[in-house]
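Below, each chain spelled out in residue letters.
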Amino acid sequence: MHLCSPADCSGSTMEKMLHSAPIHTNLPDCFVFPADKRPQATAAVVSLPIIDLSRSRDEVRRAILDAGKEIGFFQVVNHGVSEQVMQDMEDVCQEFFQLPAAAKVGLFSEDTQKTTRIYSSTMFDTGGERYWRDCLRLACSFPVGDSAMAWPDKPQRLREVVEKFTVQTRGMGKEILRLLCEGLGFPHDYLEGDISGGDVVLHVNHYPPCPDPSTTLGLPPHCDRNLLTLLLPSMVPGLEVAYKGDWIKVRPVPNAFVVNFGCQLEVVTNGLLKSIEHRVVTNLGVARTTVATFIMPTADCLIGPAVEFLSEDNPPCYRTLTFSEFNRIYSVVKLGSSLNLTTNLNKVQKET
């Protein structure tokens, strides 16, 4: 790999943000991967299973379990988040990234402990590999009106829009968790409490047009470390999911959210449900902006395989750790030419 020289990679504050630079005509060396690690052309373009949350409760919970076990990802419609709230969120996020650099300079930080910040590339330790992505990170505690987080000053309506979006999206996520619990034969509130009671974290991902999408990625192959992820996808494709030894491109569906299980659901169910590896590819012609909402445990929540999933024939496959310990252990992602290099959660835990 050709790593960036100090002149390429250094620079202060907003100089490191891709969207603040002039139009890129050439891909800087630090984004170029070796030939055997570049994204390969993918033949399959797939519409993930689409689950209508307005159908009968029994039908929906069966569909969630089936989709989760088959591919680990699905899309939901009639989910309770209004189209206006979704549109407002898309609009205000695009407005944010269109602001002049001077309006955002105070938000730039490479400190992963800061709840509100903008940064470039990824939060994972990638060993020097860089990714074609800028991100606005926000964390909302509940009730939202009591949140002491520092909000961006502009766009002026950003806080109002984000809070409304977060309340509705979190409500959808909680309902999906209730349906999942019922489908597994547990009380609907089995995943209530600390395991889903942390701050709701939002990543507003912005992928500028890339001069050479064939040689880089927007995000590395990874699994989400939280409990449940709800993605407001752009209609510009980019998300790819690992499936049966290959990558499949996800076809976005209007007014739908993409849902996937996080690592904590894999741990709690002792591997019955899987957190599936996914990545983001870039494109040459148009910017892509998405919003990922993460349902998180509290930092000190102790998470391990639940007794209901254990037996003499099915012993624990994962260690019991606090969520903060888990995040510390599962923080390194290294790009590989084969699938599932980064996602054998059982192996990662045992090696640490």
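The shown structure was predicted, so the numbers you read here are calculated from the model rather than taken from an experiment.

S.K.: Residues and numbers for the overall build of the chain, please.
M.R.: Each helix and strand counted, the chain has seven helices and 15 strands in total. Classification of the 352 residues of the chain by burial places 53% in the buried group. By element, 51% of the accessible surface of the chain is carried by carbon and sulfur atoms, the whole surface being about 15,400 Å².

S.K.: Could you give an account of the packing of aromatic side chains, with specific residues and numbers?
M.R.: Evaluated as defined, the whole model comprises seven aromatic pairs. Arranged with centres 4.9 Å apart and planes meeting at 80°, the rings of Phe31 and Trp132 form a pair that is edge-to-face. In this pair, Phe31 sits in the loop between α1 (6–9) and β1 (45–46) while Trp132 sits in the loop between β4 (117–120) and β5 (134–140), placing the two residues 101 residues apart along the sequence. Residue Phe31 is classed as buried on the basis of its relative accessible area of 2%. Here Trp132 falls in the buried class, since its relative accessible area comes to 0%. Positioned above the aromatic ring of Tyr119 is the side chain of Arg117, whose terminal nitrogen or guanidinium carbon lies 4.0 Å from the ring centre.

S.K.: Let's hear about the side chain of Gln264: which residues, and what values?
M.R.: If you trace the backbone, Gln264 turns up in helix α5 (residues 263–268). When neighbours within four sequence positions are excluded, Gln264 is seen to be in contact with Arg225, Asn226, Leu227, Pro297, Ile303, Phe323 and Phe326.

S.K.: With reference to specific residues and values, describe the sheet that holds strand β12 (residues 278–280).
M.R.: Ordered by their spatial adjacency, five strands build an open sheet running β1-β10-β9-β12-β7, and the pairing between neighbours is mixed. This sheet does not close on itself; its edge strands, each paired only once, are β1 and β7 (219–222). As paired strands, β7 and β12 are joined by two bridges and run antiparallel to one another. Across the sheet, His222 pairs through a bridge with His278, a residue of β12.

S.K.: How would you sum up the pairing of strand β10 (residues 246–250)? Please name residues and give values.
M.R.: Inspection of the sheet shows β1 paired to β10 by two bridges, in the parallel sense. Each residue of the ladder has a partner; that of Val46, found in β10, is Val250. Judged from the four bridges that link them, strand β9 (residues 239–243) and β10 form a sheet pairing that is antiparallel. For Tyr243, the partnering residue across the bridge sits in β10 and is Asp246.

S.K.: With reference to specific residues and values, describe the confidence of the model for the chain.
M.R.: Looking at the chain, the pLDDT average stands at 86 and 84% of residues meet or exceed 70. Predicted confidence in the chain is weakest over α1, with a mean pLDDT of 40, and strongest over strand β8 (residues 228–232), with 98. Segment residues 1–12 is flagged for pLDDT under 50; beyond a separation of four residues in sequence, or across chains, it makes 17 contacts in the model. Confidence drops under a pLDDT of 50 for residues 335–343, and excluding neighbours within four residues, the segment shows 27 contacts in the predicted structure.

S.K.: So what's going on with the packing of helix α2 (residues 57–70) against helix α4 (residues 158–183)? Which residues, and what values?
M.R.: A packed helix pair is summarised by two numbers, namely the angle formed by the two axes and the spacing between the axes. Across the interface, α2 lies against α4 with an axial gap of 8 Å and an inter-helix angle of 90°. Put simply, α2 runs roughly perpendicular to α4. Residue-level inspection shows Arg57, Val60, Arg61, Ile64 and Leu65 of α2 in contact with α4, the latter providing Glu175, Ile176, Arg178, Leu179, Leu180, Glu182 and Gly183. The residue makeup of the contact of α2 with α4, split by class, is six nonpolar, one polar and five charged.

Rules behind the numbers
- Residues numbered from 1 in each chain as written.
- Predicted model: local features only at pLDDT ≥ 70, side-chain atom pairs only at ≥ 80, totals over all residues.
- Heavy atoms only, no water.
- Helix = DSSP H or I, 4+ residues; strand = E, 2+ residues; numbered from the N terminus.
- Buried < 20%, exposed > 50% of the residue type's maximum accessible area, 1.4 Å probe, protein only.
- Areas by Shrake-Rupley, 256 points an atom, 1.4 Å probe, with all protein chains shown as cover.
- Phe/Tyr/Trp six-rings, centres within 6.5 Å; stacked < 30°, edge-to-face > 60°.
- Lys NZ or Arg CZ within 6 Å of the ring centre and 35° of its normal.
- Contact = heavy atoms within 4.5 Å.
- Pairing = 2+ DSSP bridges.
- pLDDT = per-residue confidence, 0-100.
- Axes fitted to C-alpha atoms, helices over the stretch in contact; angles between N-to-C directions.
- Parallel < 35°, antiparallel > 145°, perpendicular 65-115°, else oblique.
- Nonpolar A, V, L, I, M, F, W, Y, C, P; charged D, E, K, R; others polar.

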